[in-house]
Amino acid sequence: MVAKAELHCHIEGAASPDLVLAQARKYGVDTSNFLRDGAYHWYDFTSFLAAYDEAASLFRTEEDYALLAEDYLTSLAKDGAIYSEIFISPDHAERAGLSRMAYTNALGEGIERARAATGIEGRIVVTGVRHFGAVSVEDAARFAVACEHPLVTGFGMAGEERFGNVRDYETAFDIAREAGLGITVHAGELVGWESVEAALNHLRPTRIGHGVRAIENPDLVRRLVDEGVVLEVCPVSNIVLKVFPDYASHPLPQLMAAGCRVTLNSDDPPHFHTSLAHEYAVAKAHFGLDDTALRGITQTAIEAAFVDEATRTRLLAALGHKTVAQ
Ligand SMILES: Nc1ncnc2[nH]cnc12
Ligand SMILES: [Zn+2]
C-alpha cells in the first residue's frame, strides 16, 4: 500500500454518523433533519454547511473533541497515512459552549493519543469561517497566533466562498503570515478561476483548498505552476457537491499534466461517503494514477506540510522506506 498524507480535512466534518448519533443521544438532541438511516442528509452546498454545523454542535466537551481527533487520525493511520493536518474551527467550538483554547488543547490531546498508538504525525490548521465575516476571521487569526499551541502550525479559511470580498480578509491573513503560520485558503471550489487569482493576490497562500477551477484559465494554471502553489484537491467532494458532473470532467489529470503540484484529500469524509484511502483509490481508478504517481502525491503533501524541517525530513525518509502492510 502506498503511504498517504492528508492536508485538507475539516475535523467537525470527519465525525462519522455513528459518533454523531452517540453524541446526540448523550445530549438528547433530535438529528432527523440531517441524519437518516445512518447517513448524512443534505441536497446542496448550503444544506451541506447546515448539516455540518448541526453535527459540530453535538461536540461540546474537551473529551468529545479529543475522541473525535483520536478516532479520525487512528482511522487514517490504519489506511496507511503517515501525516495528517486537520482544519479546526474555534468558532464552532465557541458556539457549542467550549472555549477556543480548551477546544484546541483537546484536539491536540487526541492527535497525541493517535500518534502514541499508531505513529501518525499530526498538525492543526486553525480556520476562520468566511460567511461569519471578516471580524470573526480576524479573531480566528489572532487566536491561532496567540494560542501558542505547538501543533497549531497553519491558518486557513473555509465556508461559503460566494460570501464577501476576499480583500476584507487581508488583515486576518497578514496577522497569521507575519506570525509565521502556514497559509491556505479555500478558493476555486464554488466560484471560478477569478476566486483563485484573488486569493493569490490578496491572501498570498502557499496552498489552495480545492483550487480546481483554476483550470478555467490557462494563464492562471501557469502562474500556479510557476509559483509552486500546492492544490489540496478533494475529488470525491467535488463530484458529490457537483463542482464537476463526473470524474471524466474532473481537471486533476490536466492540472498534473500542466505541472501543478497536487495532493489528495477527503475534505469532510462521511458527508461525501469517502475516506483518504478512497481518494487514492479513485485517483487510480478514474485518473489512471499508478503507485509511483500516488507516492509522488504523498511526497508533495509532505513537502507542502506546515511542519518544521526536521519533521519534514523524517516524514520524507519514512515515505522513501514505507511499505505499509496491506
Ligand atoms: N468543502 C468545503 N468548502 C468550504 N467550506 C467547507 N467547510 C467544510 N467543508 C467545506
Ligand atoms: Zn474543505
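It should be noted that the structure appears before, not after, this text.
Residues numbered from 1 in each chain as written. Chains lettered and ligands numbered in written order. Predicted model: local features only at pLDDT ≥ 70, side-chain atom pairs only at ≥ 80, totals over all residues. Heavy atoms only, no water.

**Looking at the pattern of salt bridges**
Part 1 of the argument: Counting across every chain of the model gives 21 salt bridges.
Part 2 of the argument: Across the pair Glu 138 and Arg 142 runs a salt bridge, and its minimum N-O distance is 2.8 Å. Of this pair, Glu 138 and Arg 142 are both found in helix α6 (residues 134–146), four residues apart, which corresponds to roughly one turn of the helix.
Part 3 of the argument: Members of the salt-bridge network, linked through shared partners, are Glu 112, Arg 115, Glu 121, Arg 123, Asp 308 and Arg 314. (Salt bridge = Lys/Arg side-chain N within 4 Å of Asp/Glu carboxyl O. Helix = DSSP H or I, 4+ residues; strand = E, 2+ residues; numbered from the N terminus.)

**A word on the packing of helix α13 (residues 291–304) against helix α14 (residues 309–321)**
Part 1 of the argument: It is the contact of α13 with α14, at a shortest axis distance of 9 Å, that shows an interaxial angle of 170°. Between α13 and α14, the crossing angle belongs to the class labelled roughly antiparallel. Residues Arg 295, Thr 298, Gln 299, Ile 302, Glu 303 and Ala 304 of α13 pack against Arg 312, Leu 315, Leu 316 and Leu 319 of α14.
Part 2 of the argument: The class makeup of the residues in the contact of α13 with α14 is five nonpolar, two polar and three charged. (Axes fitted to C-alpha atoms, helices over the stretch in contact; angles between N-to-C directions. Parallel < 35°, antiparallel > 145°, perpendicular 65-115°, else oblique. Contact = heavy atoms within 4.5 Å. Nonpolar A, V, L, I, M, F, W, Y, C, P; charged D, E, K, R; others polar.)

**Structural notes on unusual backbone geometry**
Part 1 of the argument: One non-glycine residue, Asp 37, lies in the positive phi region at around 50°.
Part 2 of the argument: Structurally, Asp 37 can be placed in the loop between β2 (35–36) and β3 (39–40).
Part 3 of the argument: Of note in this structure, Lys 242 is not a glycine but carries a positive phi near 65°.
Part 4 of the argument: With respect to the helices and strands, Lys 242 occurs in the loop between α10 (235–240) and α11 (252–257).

**A word on the coordination of the zinc ion (ligand 2)**
Part 1 of the argument: At the metal site, the zinc ion (ligand 2) is ligated by His 8 (NE2), His 10 (NE2), His 186 (NE2) and Asp 267 (OD), and these contacts range over 2.1 to 2.2 Å.
Part 2 of the argument: Counting the intervening residues between successive donors of the zinc ion (ligand 2) yields the motif H-x1-H-x175-H-x80-D. Considered together, His 8 and His 10 belong to a single accessibility category, that of buried residues. (Donors = N, O, S within 2.8 Å, 3.2 Å for Na, K, Ca; no water. Buried < 20%, exposed > 50% of the residue type's maximum accessible area, 1.4 Å probe, protein only.)

**Details of the site of ligand 1**
Part 1 of the argument: Around ligand 1 sit His 10, Phe 45, Phe 48, Tyr 52, Ala 158, Gly 159, His 186, Glu 189, His 210, Asp 267 and Asp 268, and those are all the residues in its vicinity.
Part 2 of the argument: In this structure, a nitrogen atom belonging to ligand 1 sits 3.5 Å away from a side-chain N or O atom of His 10.
Part 3 of the argument: Glu 189 has a polar side-chain atom sitting 2.7 Å from a nitrogen atom of ligand 1.
Part 4 of the argument: Its free accessible area being 260 Å², ligand 1 has 98% of it covered by the protein chains.
Part 5 of the argument: Of all the cavities here, the one that holds ligand 1 is the largest cavity.
Part 6 of the argument: For the shell around ligand 1, the element with the highest residue contribution is helix α2 (residues 45–56), accounting for three residues.
Part 7 of the argument: Of the residues contributing to the shell around ligand 1, the split by class is four nonpolar, four polar and three charged. (Near = heavy atom within 4 Å. Polar contact = N/O pair within 3.5 Å; in protein donor to acceptor, adjacent residues only side chain to side chain. Areas by Shrake-Rupley, 256 points an atom, 1.4 Å probe, with all protein chains shown as cover. 1 Å grid on protein atoms, 1.4 Å probe; cavity = no way out; pocket = protein on both sides within 12 Å on 5 of 7 lines; lining within 4 Å. Sits in = over half its atoms within 2 Å of the grid points.)

Function-wise, these values are silent; they only describe arrangement.
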